[in-house]
Amino acid sequence: METKRLGFGLIGAGFISKTHLDALRTIPNVEVVAIADLDAERGTKFANDYGVPKFYPSHKAMLEDPAVDGVVIGIPNKFHAPVAIDALNAGRHVICEKPLALTIDDAEAMINLAKEKGLVLGYAEELCFAPKFVRAKQLMETGGIGKPYLLRQCEKHAGPYSPWFWQPELAGGGILMDMGCHSIECIRWALGKPKVKSVMAHMGTYLHKDVTKQEDHVIIIMEFEDGTIGQAESSWALKGGMDSTFEIFGTEGVIYADLLKGSSLKTFSEKGFPGEDDSQGWAHPDFEWLWNNGYPQEDKHFVDCMRTGKTPIESGIDGLEVLEIMLAAYHSAGIGQKVNLPFRPRNVKVPVDLWINPRPELGVGPIP
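Described below are features of the structure shown in this document. (Residues numbered from 1 in each chain as written. Predicted model: local features only at pLDDT ≥ 70, side-chain atom pairs only at ≥ 80, totals over all residues. Heavy atoms only, no water.)

### Concerning the overall build of the protein chain
Of the regular secondary structure elements, the protein chain holds 12 helices and 15 strands. The C-alpha radius of gyration of the protein chain comes to 20 Å, within 12% of the 21 Å expected for a compact globule of 368 residues. Per-residue burial for the protein chain yields a buried fraction of 57% across its 368 residues. Excluding contacts between residues fewer than 6 apart, the proportion of contacts in the protein chain whose partners are at least 24 apart in sequence is 68%. When the accessible surface of the protein chain is split by element, carbon and sulfur atoms take 54% of a total near 16100 Å². (Helix = DSSP H or I, 4+ residues; strand = E, 2+ residues; numbered from the N terminus. Rg over C-alpha atoms; globule rule 2.2 N^0.38 Å. Buried < 20%, exposed > 50% of the residue type's maximum accessible area, 1.4 Å probe, protein only. Contact = heavy atoms within 4.5 Å. Areas by Shrake-Rupley, 256 points an atom, 1.4 Å probe, with all protein chains shown as cover.)

Below is the structure:
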């Protein structure tokens, strides 16, 4: 039987949409048929530069196109939930970039609507598909390092690629909402997604006080119900490139995985290489960035779920779990105490407010 060709629409014409465009084009019988962006000049340029057949001035206009079977949402965080809900109501499968939403209510609404409509809601967490991290998880599961007691994931660089990340009303928070979510979910996924018992966090603004009041460095300690510890560290305050590492410590050994440098080239250039970001001085150019970061594997998995009706490895429920942990982290940093889960406050519109304007009246959650 011939496999039905699936058409995708990209919502947003920024960096992450280009990444998904490249990833989707590696999948047989999948075509990116449209791009939507409120900025007509930027959207038209994206379509022309990258050979996308159609441009639409809004996501609602694109959802009228019968050639669109699924959408990738790659726009500022504030709009993830309303745009996803529009797409699900229009009968389209959704791949939503992280974070899933800014509030518990919105995240639950997305999950419930996808279930009601029988549609796939994929939570775009690529680290769970990155080959090095997948291999690290596999090695851990063999028992070769004994019982894991600490998993640590770190992602750091000097700041975001778009100005909207500095704005709490659009981003919902700083580095935690941008990259801390990756670290949290990488650890949960590697352990098989056990329940998190408690969260403790420290955060601050060290490098970017002139442009934002949000955090640019965060350290989170997650205690799982079996006593295993997860340490997530994320930063916009690292000078000299980017780090993304995953470390698993066990009673009989240790596993170190370096996402960006372990299989890269090593170069030095006084002026940098044209077309290569962060290539001045010593650099580690990746020979196959897209695949090493897991994007083609991630999107292929979502497409397979669209075809089969299976629940994705990274679903809307996972996005909700990560959001809960991030809310607990902001609250913990705000009040200077460990926060027990569950922690799902319903009256928090912007997660980072729990740190900027601490709310001690919310307490520390149920005592285990």
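### Topic: the packing of helix H1 (residues 15-24) against helix H10 (residues 295-308)
Helix-helix packing is described using two parameters, namely the angle between the two axes and the distance between the axes. The geometry of H1 relative to H10 is characterised by a closest axis approach of 8 Å and an angle of 70° between their N-to-C directions. Comparing their axes, H10 and H1 come out roughly perpendicular. Residue-level contacts link Ile16, Thr19, His20, Ala23 and Leu24 of H1 to Tyr295, Pro296, Glu298, Asp299 and Val303 of H10. Residue classes in the contact of H1 with H10 are distributed as 6 nonpolar, 2 polar and 2 charged. (Axes fitted to C-alpha atoms, helices over the stretch in contact; angles between N-to-C directions. Parallel < 35°, antiparallel > 145°, perpendicular 65-115°, else oblique. Nonpolar A, V, L, I, M, F, W, Y, C, P; charged D, E, K, R; others polar.)

### Some words on the sheet that holds strand E11 (residues 243-250)
Strand order in the open sheet formed by 7 strands is E12-E11-E7-E10-E9-E8-E15, and the pairing between neighbours is mixed. The sheet terminates laterally at strand E12 (253-258) and strand E15 (339-340), the two strands that pair on one side only. Here helix H6 (residues 131-141) sits on the sheet and contacts strand E7 (148-156), E11 and E12; the angle it forms with E12, its principal contact strand, is near 170°. Taken strand by strand, helix H8 (residues 175-190) contacts E7, strand E8 (196-204), strand E9 (217-224), strand E10 (229-235) and E11, and its axis lies near 155° from that of E10. (Pairing = 2+ DSSP bridges.)

### A few points about the packing of aromatic side chains
Aromatic rings in a pair are described by how distant their centres are and how their planes are angled relative to each other. For the coordinates displayed, the defined rule picks out 11 aromatic pairs. Stacked on the ring of Tyr50, the Lys or Arg Lys18 has its end atom at 4.8 Å from the ring centre. (Phe/Tyr/Trp six-rings, centres within 6.5 Å; stacked < 30°, edge-to-face > 60°. Lys NZ or Arg CZ within 6 Å of the ring centre and 35° of its normal.)

### Re helix H4 (residues 80-89)
In an α-helix, one full turn covers 3.6 residues, which means residues spaced three or four apart are oriented alike. Every buried residue of H4 is listed here: His80, Ala81, Val83, Ala84, Ala87 and Leu88. End-on view of H4: buried residues confined to an arc of 165°, all on one side of the axis. In the core, the buried residues of H4 are packed alongside strand E1 (6-11), helix H3 (59-62), strand E4 (70-73), strand E5 (93-97) and helix H5 (104-117). Once H4 finishes, Gly91 follows within two positions and takes phi at roughly 85°, a positive value. (Arc of directions from axis to C-beta.)

### Here we look at unusual backbone geometry
If a residue is not glycine, its phi is most likely negative; likewise, a peptide bond is most likely trans. Here the residue pair Lys98 and Pro99 is connected by a cis peptide bond, since its omega of -10° sits within 30 degrees of zero. Within the secondary structure, Pro99 sits in the loop between E5 and H5. Cis rather than trans, the peptide bond between Leu341 and Pro342 has omega equal to 5°. Relative to the helices and strands, Pro342 is located in the loop between E15 and helix H12 (353-356). Here Lys193, not a glycine, exhibits a phi torsion of approximately 60°, which is positive.

### A closer look at the pairing of strand E6 (residues 121-124)
Of the two faces of E6, the one lined by Leu121 and Tyr123 and the one lined by Gly122 and Ala124 are each fully buried. Sheet analysis places E5 next to E6, joined by 4 bridges and oriented parallel. Bridge pairing in E6 places Val94 opposite Leu121. Each parallel crossover has a hand, and the one from E5 via H5 to E6 is right-handed. (Right-handed = clockwise from strand over helix to strand, strands pointing away.)

### Some remarks on a nonpolar patch on the surface
Residues Phe15, Tyr161 and Trp289 make up a contiguous nonpolar surface patch of about 330 Å² in total accessible area. Positionally, Tyr161 belongs in the loop between E7 and helix H7 (168-171). (Patch = residues over 30% accessible without salt bridge, like charges linked within 9 Å, V, L, I, M, F, W, Y side chains within 5 Å. Salt bridge = Lys/Arg side-chain N within 4 Å of Asp/Glu carboxyl O.)

### Describing the sheet that holds E5
Think of a sheet as strands paired side by side through backbone hydrogen bonds, with each pair either parallel or antiparallel. Read from one edge to the other, the open sheet built from 6 strands follows the order E3-E2-E1-E4-E5-E6, with strand pairing classed as parallel. Edge positions in the sheet fall to strand E3 (54-56) and E6, since each has one partner strand and no second. Ignoring which end each strand starts from, the neighbouring axes of this sheet average 25° apart. Relative to E4, E1 runs parallel, the two being bridged by 4 bridges. Among the inter-strand pairings, Leu10 is bridged to a residue of E4, identified as Val72. Its contacts with the sheet put H4 on E1, E4 and E5, and the angle it makes with E5 is roughly 170°.

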